[in-house]
Amino acid sequence: MKVAVLGGRLQGVEIAYLAGKAGWQVVGVDRDAAAPIAGLCQDFRCFDLMESDQLTALLHTVDFAIPALEDQEVLDHISLCAARAGVRLAYDRQAYLLSSSKRRSDTLFAVLGIPAPKPWPFCGFPLTIKPVTASGSKGVCCFDDADQFEQWLAGVEHPESWVKQEFLT
């Protein structure tokens, strides 16, 4: 099995490592020649995933591809190139759109009755603040008290665009 891992940072490293353990041949791609994935794959290619011709040509040589990034424009472009190359892609746009938004995910959890942190102002401190669409812990802040939270509110543009909820260990 030969797989293309598209994106060479944390997610790409995890996928390349596990694919290698499964005995698959891994072709890693990232625009950064020093991307961490470079040392974990049998073949590393350094190019921008928005380069249609290069990406489509590469995809013709693999059994399937796994995007390892969180940029909607790039993901849509990868999907187009995969369709042109006739290669399977381990990516579901609808699932990504749901999971990439903390608000949509929280709404789904509520509908399904899955326990989740209480939203502000229906909780106390400590309080966690997260960008709605950032990946993982990027931009996440935790405030222990109202003074810290008020300072943050005074200095941030569009505080309504952030998810605010109770901190759970």
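## A few points about the sheet that holds strand β3 (residues 43–46)
Next, step 1: Strand order in the open sheet formed by five strands is β3-β2-β1-β4-β5, with parallel pairing between adjacent strands. For this open sheet the edge positions go to β3 and β5 (88–89), each flanked by a neighbour on one side alone.
Next, step 2: With two bridges joining them, strand β4 (residues 64–67) and β5 adopt parallel strand pairing. Bridge pairing links A65 to L89 in β5.
Next, step 3: Running over the sheet, helix α2 (residues 52–59) touches β1 (2–6), β2 (25–30), β3 and β4 and is turned about 155° from β1.

## Points about the packing of aromatic side chains
Next, step 1: Tallied over the entire structure, the rule returns nine aromatic pairs.
Next, step 2: Aromatic side chains F149 and W152 sit 6.1 Å apart centroid to centroid with 15° between the ring planes, which places their arrangement in the stacked category. In this pair, F149 and W152 are both assigned in helix α6 (residues 146–155), three residues apart and thus about one turn of the helix distant.
Next, step 3: Judged by relative accessible area, which is 3%, F149 ranks as buried.

## Topic: the pairing of strand β6 (residues 127–131)
Next, step 1: Burial analysis of β6 places four of its five residues in the buried class, the great majority of the element.
Next, step 2: As paired elements, β6 and strand β7 (residues 141–143) share three bridges and run antiparallel to each other. Its bridge partner lying in β7, T128 is registered against C142.
Next, step 3: For β6 and strand β8 (residues 162–166), the ladder comprises five bridges, and the chain directions are antiparallel. Note on β8: the bridge partner recorded for I129 is K164.

## Notes on α2
Next, step 1: Residues of α2 that are buried include every one of L55, T56, L58 and L59, and no others. Axial view of α2: buried residues confined to an arc of 160°, hence all on one face.
Next, step 2: The inward-facing, buried residues of α2 contact β1, β2, β3, β4 and α3 (72–85).

## Focus: unusual backbone geometry
Next, step 1: Across the junction of W120 and P121, the peptide omega takes the value 10°, indicating a cis bond.
Next, step 2: Here P121 is to be found in the loop between α5 (102–112) and β6.
Next, step 3: Residue F125 is joined to P126 through a cis peptide bond whose omega torsion reads 5°.
Next, step 4: Within the secondary structure layout, P126 lies in the loop between α5 and β6.
Next, step 5: Within the chain, H158 stands out as a residue other than glycine whose phi angle is a positive 55°.
Next, step 6: Examined against the element boundaries, H158 turns out to sit in the loop between α6 and β8.

Rules behind the numbers
Residues numbered from 1 in each chain as written. Predicted model: local features only at pLDDT ≥ 70, side-chain atom pairs only at ≥ 80, totals over all residues. Heavy atoms only, no water. Pairing = 2+ DSSP bridges. Helix = DSSP H or I, 4+ residues; strand = E, 2+ residues; numbered from the N terminus. Contact = heavy atoms within 4.5 Å. Axes fitted to C-alpha atoms, helices over the stretch in contact; angles between N-to-C directions. Phe/Tyr/Trp six-rings, centres within 6.5 Å; stacked < 30°, edge-to-face > 60°. Buried < 20%, exposed > 50% of the residue type's maximum accessible area, 1.4 Å probe, protein only. Arc of directions from axis to C-beta.

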